[in-house]
Amino acid sequence: QVQLVESGGGLVQAGGSLRLSCAASGGTFSTYVMGWFRQTPGKEREFVAAISTSGGTIYYADSVKGRFTISRDNAKNTVYLQMNSLKPEDTAVYYCAASRGPWNIAQRKTIYGYWGQGTQVTVSS
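Residues numbered from 1 in each chain as written. Predicted model: local features only at pLDDT ≥ 70, side-chain atom pairs only at ≥ 80, totals over all residues. Heavy atoms only, no water.

Visitor: Which residues make up the state of the cysteines, and what are the values?
Guide: A covalent bond between the sulfur atoms of two cysteines is what we call a disulfide. This model, assessed by the stated rule, comprises 1 disulfide. Between the sulfur atoms of Cys22 and its disulfide partner Cys96 the distance amounts to 1.9 Å. Taking the sign of the S-S torsion, 45° for the link of Cys22 and Cys96, the bridge is right-handed. Of this pair, Cys22 sits in strand 3 (residues 18–25) while Cys96 sits in strand 9 (residues 92–99); the two residues are 74 residues apart in sequence, bridging distant segments of the chain. You'll find Cys22 and Cys96 in the same group, each marked buried. (Disulfide = S-S within 2.5 Å. Helix = DSSP H or I, 4+ residues; strand = E, 2+ residues; numbered from the N terminus. Buried < 20%, exposed > 50% of the residue type's maximum accessible area, 1.4 Å probe, protein only.)

Visitor: Describe the sheet that holds strand 8 (residues 78–83), and please don't skip the residues or the numbers.
Guide: Overall, antiparallel pairing links the 4 strands, which are arranged 1-3-8-7 in an open sheet. Edge positions in the sheet fall to strand 1 (3–7) and strand 7 (68–73), since each of these pairs with one other strand and no more. Across the sheet, the mean angle separating the axes of adjacent strands is 15° when strand polarity is ignored. Bridge count between strand 7 and strand 8: 6 bridges; the pairing is antiparallel. Each residue of the ladder has a partner; that of Asp73, found in strand 8, is Thr78. (Pairing = 2+ DSSP bridges. Axes fitted to C-alpha atoms, helices over the stretch in contact; angles between N-to-C directions.)

Visitor: Give me the lowdown on empty space enclosed by the protein, citing residues and values where you can.
Guide: Evaluated as defined, the whole model comprises 1 cavity of 30 Å³ or more. Quantified by volume, the largest cavity comes out at close to 30 Å³. Forming the boundary of the largest cavity are Val2, Ala24, Ser25, Gly26, Gly27, Thr28, Phe29, Tyr32 and Asn77. Here the residues of the lining of the largest cavity are counted per class, giving 4 nonpolar, 5 polar and no charged. (1 Å grid on protein atoms, 1.4 Å probe; cavity = no way out; pocket = protein on both sides within 12 Å on 5 of 7 lines; lining within 4 Å. Points joined across faces, edges and corners; volume = space filled by probe spheres on them. Nonpolar A, V, L, I, M, F, W, Y, C, P; charged D, E, K, R; others polar.)

Below you can see the structure in the form of structure tokens.
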């Protein structure tokens, strides 16, 4: 059983930056594909980024490519999401998630069995 706890959300002006962290416990972190998703009221939870177990392969949603960076530190059991050049449309609750895979469909939320509680990110215009 893996427990995930996100932190780092908050209120930021458009063009600003935030770094989200997700600390994992209760499992062998290095064996899990890790993903970040986001959700706004009334909408489906959408894929943001995913990183393979070693960190060597990464996927991004087109909407965040070039602005967001996902990374992981397996020694610290933590995955990060560095968000730069934030836009009002990035406002959402951000969730981290853990999966055993398969990696080739890492953008699908259905493969993730463990989720954090979410952290709110609000970008003002």
